[in-house]
Amino acid sequence: VECDPAQLSSRDAYKLLTGSVLPRPIALVSTVGPDGQPNVSPFSYFQAISARPMVISFCPNLREGEGTEKDTLRNIRCSGEFVVGVVTEENLRMANEASAEVAPDVNEFQLAGFTPAPAARVRAPRVAESPISLECRLLHLLSFGNGPGAGRLVIGEVVHAYVRDDLYQDGRIDFLRMGPVGRMAGNWYCRTGDVFELPRPPAVKRHP
Ligand SMILES: Cc1cc2nc3c(=O)[nH]c(=O)nc-3n(C[C@H](O)[C@H](O)[C@H](O)COP(=O)(O)O)c2cc1C
């Protein structure tokens, strides 16, 4: 099957993209609104960009139906800050509850059963049930289109990192113990316990 993505409906384009780019890690993004209302939602268009400076990105895209901005995006535009947690086997069900499309005045921490904990460097709370929290300041906000499902890329610098003690040993994160979950297409997810090691080939001298 071959197609021109521009000829697909936004729904079919979404299904082709999410069925092609997978499994995806899931960011659990918390923000605070201009009225002080805390917000938390999962986002699987999520990626690491740079280690030093530490920079990450995710995409709170325009809503599929009416093409309006999500609360997470509006909050970040106002505050310039957010916290990224990780979705694990332990907190996936709560993260899924937090994805409900609800009015901006609904406290999604309460809705999903998450516990807000104070962050060290930003005003948005971190999620206590996430074993890792990356506190971020907004660096760039890029827009791709304006219709339903159009892309909004949030790029942030990590200004403070929190890792649960039992997961951090000799500068490494024990990812098997952490149990991150990946997002597939539709409502499908994958566990990450079935792992194997593959050493990189030795470095060869490049031509001058
Ligand atoms: C596992 C999962 C991953 C998601 N990933 C994204 C994503 O990458 N981008 C996006 O715009 N919405 C994504 N969503 C949907 C948002 O979580 C949902 O629209 C949420 O209501 C946004 O909340 P807000 O309006 O409070 O920001 C995802 C939902 C789930 C359950």
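Before any of the text, the structure's been laid out above.
Residues numbered from 1 in each chain as written. Predicted model: local features only at pLDDT ≥ 70, side-chain atom pairs only at ≥ 80, totals over all residues. Heavy atoms only, no water.

Engineer: Just give me the short version of the nonpolar core, but keep the residues and values in it.
Structural biologist: If you look at the biggest cluster of nonpolar residues, it comprises 18 residues, and the most contacted ones within it are Val29, Ile56, Phe58, Phe82 and Val84. Contributing elements (two or more residues each) for this core: β1 (27-32), β4 (55-58), α2 (71-79), β5 (81-86), β8 (132-144) and β9 (151-163). Sequence-distant contacts of phenylalanine 58, that is, excluding residues within four places in its chain, are made with Val29, Phe43, Tyr45, Phe46, Thr72, Ile76, Phe82, Arg152, Leu153 and Val154. (Core = buried A, V, L, I, M, F, W, Y, C linked by side-chain atoms within 4.5 Å. Buried < 20%, exposed > 50% of the residue type's maximum accessible area, 1.4 Å probe, protein only. Helix = DSSP H or I, 4+ residues; strand = E, 2+ residues; numbered from the N terminus. Contact = heavy atoms within 4.5 Å.)

Engineer: Which residues make up the sheet that holds strand β3 (residues 46-50), and what values do they have?
Structural biologist: Through backbone hydrogen bonds, the strands of a sheet pair up, either in parallel or in antiparallel fashion. Spatially, 7 strands are ordered β2-β1-β5-β8-β9-β4-β3 in an open sheet, and the strand pairing comes out antiparallel. Of all the strands in the sheet, the pair left with one neighbour each is β2 (38-43) and β3. Recorded for the sheet is a direction-independent mean angle of 35° between the axes of neighbouring strands. By the bridge criterion, 12 bridges tie β8 to β9 in an arrangement that is antiparallel. Its bridge partner being in β9, serine 133 is matched across the sheet by tyrosine 162. On the sheet, α2 packs against β1, β2, β4, β5, β8 and β9 and is oriented at approximately 55° with respect to β1. (Pairing = 2+ DSSP bridges. Axes fitted to C-alpha atoms, helices over the stretch in contact; angles between N-to-C directions.)

Engineer: Quick one: what's the story with the pairing of β5, residue by residue and with numbers?
Structural biologist: Taken across its 6 residues, β5 has 6 buried, putting it largely inside the fold. Alternating residues of β5 divide into Glu81, Val83 and Gly85 and Phe82, Val84 and Val86, and every residue in both groups is buried. Where β1 lies against β5, 4 bridges are found, and the strand directions are antiparallel. Bridge pairing in β5 places alanine 27 opposite valine 86.

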